[in-house]
Structure formats: C-alpha cells, structure tokens
Amino acid sequence: MLSVKGLTKTYETPEGPVHAIKGIDFTVSEGNFYTLLGPSGCGKTTALRCIAGLEKPDGGEISIDGKIVARPSDDFFAPTYNRDIGMVFQSYAIWPHLDVFNNVAYPLQVKKPRPSKAEINDQVMDALTQVGMEDYAKRRATKISGGQQQRVALARALVRHPKLLLLDEPLSNLDAKLREKMRIELEEMVARIAITTLYVTHDQSEALSMSDRIAVMSDGLIVQEDAPRDAYNHPTDEFVASFLGTANFIKGMVSKRTDDGQGIIQFNEGKGNLMIPLPNGLVEGAPLEVVVRPEDIHASETPPEEMHNVLEGTIDLLNFQGSYSECFVHSGNLRLRCNVHQSLKAKRGDKIWLTVDPLHCVVFPGKE
C-alpha cells in the first residue's frame, strides 16, 4: 500500500551537509500499523514528512496505493493535497479561533470540488463519532483538553477517508496517564476502521504494543525491521537491544564450545559463568557480549540447588515500581538489573543469587 525505496534526504547547514536519511526501504501493507521508531535525530520524522509531501527527498521513490508521489530522478513531486493521506502532527495544529466542528471540516471546505453543506455535516459528524467527540462539535478548540484536542486532530485527518494515515508522535504532549489511555484508544480505533497507518515515535512501549511491524532507525538508516515481539526478543545488534526496553550487557569470552553448539562463557567481570547456545563462528577464546533482559533473570535469597547459569552478587539498590521492584545487583565489577516480586525480603547489602535463562540470552560477537 505504501512503498518507500532508496529514500534519501540531505539538509545543507552552515556546518556542512547533514544526511538525515541515507537510503531506506520499507513497505506498509494495506490495513497494517507500521511504526518508525528511533531516538531524536535518527531521520524518522523526516521520512514521514517526505511521504506527506512536506519535504522533497533527494533520491528514491515513494508510492501510495500504487501511485508514485515522489521520484526525484524524474523531478516528480506530487503536492500534499494530491496525496491520499491524513496526518496528525505532534502539536495537533488545532486552530484556536474555530470550534471543533469547523476544525474537522476544514479539509472538506477547501476541497475542490467542495462537497455540499449537508455532505460536509455528515462527514464531519461521522469523523467526530469515530473518535468519541460528537458531543463537542460546537465547543471552542481552546475549551477542550489536550486529549480531546488530539482526538479532534485525528478526526480532521480521517474526515476525507484517506488511504493512508500518518501520525507524528501524536501522544508525546500528553501526561503519562493520559498518554496510556489515548494509546489504547488510538490502537482500538485504528484497528476498528482498518486504515493503513504509519506511526512515528521515540517511545518503544508505544511501538511494541501498537504495531504490526516496526522499523528501528539510527543515524538515517533502518537497522532492524521486524514484528515487535521478534525485534524485542531477537535484536540484530546492541543498539536495538538497548533501545527496545531494558537490557543487561555482559562481556566475556568463550572458554569452551561443545559439539551441540553450547558454549561456556567466562565473564570479564562478575562471579559465575553461563552455558548458552552460541551462534555459528564463535570459537573457543572468542570475545562476545551477552544480552539478557531483566525479566529473564530470576533472583533468590538462597543458593539454587542447580548452580548452572547462576551469578552470585550483592544487592546495590531496590527500586519500587508498584507490581514489582527493580533490583540492581553487583556481581564482582558487573552490575546487573533484574525484576523481582514483592515477596522478596532481601534488602540493600544482602547477598543474592541470579539465575539467567540461557534460552533468552542474545549473543553478539565482541571486539578484540
């Protein structure tokens, strides 16, 4: 439905050219929710603006619903109003001098040919009903909350029944509790109307919970494209592992490799060792880095009966999180984080044993 091939964009600055996008390719299937995820400055919003027609790319090709909308090599660039899109900006771009109805009606009022007054009324009220704002049609835009403004911006993006919905960090201006509520509402609404959606965010929890597929971006490139669960459980490099959630990084070397592909890992720091599956190419003596999530480490106040994949350490900090606590443990010079149940009675300074699940460890080759 949306196809992006070889997209590049460079900005000229007094300090020299800035390569915001360095040649990215991705496809969004019809009805899918696709997210560009990455830190500030990675190029995700620039990519969205190129698709929307708000920026002219330097190279590549963009097509929407089978129609090419940008191909710099042919000097072809369709204006925004000729692209079948709806867009919600990070700031919402709500006009304060208009009421809710006329904010949503604006795209229809400037459309050529302009629909009849009755058609505009029906389409606006339908869009407001989709976002639960039909009772606020005559309310001034300055008299509604931030969450309601976000819904109005969404209704305005949907009122023309676009083929593609573009969302540029639409939840980032909301407080934490409202952001969670609106995330769920947005996810349910997009699924209900089954509109193809491209979402841009730096919030990994939004991306993981809402998306059919995510593309993690760094420095103008897509470094991993995958289903959310696969990207989280099987990151392709250390950047993705650290950006998607919380991870422990343990450096060490292969002290022994068995015939069945298992490896005994000796840590550079830390008390204990691991036996985990190794990727091909890692031989005895090879440096590596093991990534393990806090939820894949079990903590106990007494030594486990089975001491395989166990690290001995001392509690450095317990950080209460409501349903669980983050437990920071020093094992030698290695500091690890794990999630522990409230039933754990240990406190700071106590000895603790951490059992690592070897099947949930991700191994990357280390540097010599």
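Further up the page is the structure itself.
Below is a short write-up of the structure. What you are looking at is a predicted structure, and each value in this text was computed from that prediction instead of being measured.

1. What to know about the sheet that holds strand S7 (residues 85-88)
Working definition: the strands of a sheet are paired by backbone hydrogen bonds and lie parallel or antiparallel to each other.
Next up, step 1: Read across the open sheet, the six strands follow the order S7-S8-S9-S3-S10-S11; overall the sheet is mixed. Of all strands in the sheet, those bounded by a partner on one side alone are S7 and strand S11 (221-226). Each strand axis lies, on average, 15° off the axis of its neighbour in the sheet, ignoring direction.
Next up, step 2: The pairing of strand S3 (residues 33-37) with strand S10 (residues 213-218) spans four bridges and is classified as parallel. Within S10, the position partnered with Thr35 by the bridge is Ile214.
Next up, step 3: Packed on one face of the sheet, helix H1 (residues 44-52) meets S3, S7, strand S8 (164-168), strand S9 (196-201) and S10 and runs near 145° to S8.
Next up, step 4: Across the sheet, helix H4 (residues 146-158) is in contact with S7 and S8; its angle to S7 comes to roughly 170°.

2. With respect to the sheet that holds strand S15 (residues 287-292)
Next up, step 1: The strand order across the open sheet formed by five strands is S14-S13-S12-S15-S21, and the pairing between neighbours is antiparallel. Strands at the two margins of the open sheet, each flanked by one partner only, are strand S14 (273-277) and strand S21 (362-365). Neighbouring strand axes in the sheet, compared pairwise and without regard to direction, differ in orientation by 40° on average.

3. Some thoughts on the packing of helix H2 (residues 100-109) against helix H3 (residues 117-130)
For any two helices packed against each other, one specifies the inter-axial angle together with the distance between the axes.
Next up, step 1: Running from amino to carboxyl end, H2 crosses H3 at an angle of 125°, the nearest separation of the two axes being 9 Å. Taken together, the axis directions place H2 and H3 in an arrangement best described as oblique. In this structure, H2 crosses over H3, and the sense of that crossing is right-handed. Facing H2, whose interface residues are Val100, Phe101, Val104, Ala105, Leu108 and Gln109, H3 presents Ile120, Asn121, Gln123, Val124, Met125, Ala127 and Leu128.
Next up, step 2: Each residue belonging to the contact of H2 with H3 can be placed in one class, and the counts come to ten nonpolar, three polar and no charged.

4. Here we look at the layout of surface pockets
Next up, step 1: Put simply, the largest pocket is a space of about 620 Å³.
Next up, step 2: Lining the largest pocket we find 20 residues, and of these Thr80, Tyr81, Ile85, Pro107 and Arg160 sit closest to its centre.
Next up, step 3: Of all the secondary-structure elements, those providing two or more residues to the lining of the largest pocket are S7, H2 and H4.
Next up, step 4: Among the elements that make up the lining of the largest pocket, the one with the highest residue count is S7 (three residues).
Next up, step 5: Each residue belonging to the lining of the largest pocket can be placed in one class, and the counts come to twelve nonpolar, three polar and five charged.

5. Here's the deal with the pairing of strand S17 (residues 310-320)
Next up, step 1: Relative to strand S20 (residues 351-356), S17 runs antiparallel, the two being bridged by five bridges. Following the sheet pairing, Gly313 is matched in S20 by Ile352.
Next up, step 2: Bridge analysis of S17 against strand S18 (residues 325-331) gives six bridges, and the strand direction is antiparallel. Following the sheet pairing, Asn319 is matched in S18 by Glu326.

6. Some words on the nonpolar core
One broad rule of soluble globular proteins: the nonpolar side chains tend to lie buried together.
Next up, step 1: If you look at the biggest cluster of nonpolar residues, it comprises 36 residues, and the most contacted ones within it are Val104, Val124, Leu128, Leu154, Leu165 and Leu186.
Next up, step 2: Mapped onto this core, the elements with two or more residues apiece are H2, H3, H4, S8 and helix H5 (176-193).
Next up, step 3: Among the elements that make up this core, the one with the highest residue count is H4 (six residues).
Next up, step 4: Setting aside its immediate chain neighbours within four residues, Val124 contacts Phe101, Val104, Ala105, Leu108 and Val159.

7. Re the environment of Glu55
Next up, step 1: Tracing the chain through its elements places Glu55 in the loop between H1 and strand S4 (59-64).
Next up, step 2: Since its relative accessible area comes to 18%, Glu55 is described here as buried.
Next up, step 3: In contact with Glu55, not counting residues within four places along its chain, are Lys9, Tyr11, Arg49, Cys50 and Phe77.
Next up, step 4: Polar contacts involving the side chain of Glu55 include one to the side chain of Tyr11, which spans 3.4 Å.

8. So, H4
Next up, step 1: Taking 1.5 Å per residue, 13 residues should reach 18 Å; H4 reaches 19 Å between its end C-alpha atoms and fits that length.
Next up, step 2: In terms of burial, H4 is largely enclosed, as eleven of its 13 residues are buried.
Next up, step 3: Of all the residues in H4, the buried ones are Gly147, Gln148, Gln150, Arg151, Val152, Ala153, Leu154, Ala155, Arg156, Ala157 and Leu158.
Next up, step 4: Where H4 is buried, its residues meet S7, H2, H3, S8 and H5.

9. Here's the deal with unusual backbone geometry
Next up, step 1: With omega at -5°, the peptide bond leading from Lys112 into Pro113 counts as cis.
Next up, step 2: Checked against the element boundaries, Pro113 lands in the loop between H2 and H3.
Next up, step 3: The phi dihedral of His161 is positive, around 50°, even though this residue is not glycine.
Next up, step 4: Relative to the helices and strands, His161 is located in the loop between H4 and S8.
Next up, step 5: Even without glycine at this site, Asp219 takes up a positive phi of about 55°.
Next up, step 6: Looking at the secondary structure, you find Asp219 in the loop between S10 and S11.

Rules used in this analysis
- Residues numbered from 1 in each chain as written.
- Predicted model: local features only at pLDDT ≥ 70, side-chain atom pairs only at ≥ 80, totals over all residues.
- Heavy atoms only, no water.
- Pairing = 2+ DSSP bridges.
- Helix = DSSP H or I, 4+ residues; strand = E, 2+ residues; numbered from the N terminus.
- Axes fitted to C-alpha atoms, helices over the stretch in contact; angles between N-to-C directions.
- Contact = heavy atoms within 4.5 Å.
- Parallel < 35°, antiparallel > 145°, perpendicular 65-115°, else oblique.
- Left-handed = near helix turned anticlockwise from the far one by under 90°.
- Nonpolar A, V, L, I, M, F, W, Y, C, P; charged D, E, K, R; others polar.
- 1 Å grid on protein atoms, 1.4 Å probe; cavity = no way out; pocket = protein on both sides within 12 Å on 5 of 7 lines; lining within 4 Å.
- Points joined across faces, edges and corners; volume = space filled by probe spheres on them.
- Core = buried A, V, L, I, M, F, W, Y, C linked by side-chain atoms within 4.5 Å.
- Buried < 20%, exposed > 50% of the residue type's maximum accessible area, 1.4 Å probe, protein only.
- Polar contact = N/O pair within 3.5 Å; in protein donor to acceptor, adjacent residues only side chain to side chain.
- Expected span 1.5 Å × (residues − 1).

The quantities given are spatial measurements derived from coordinates; they are silent on function.
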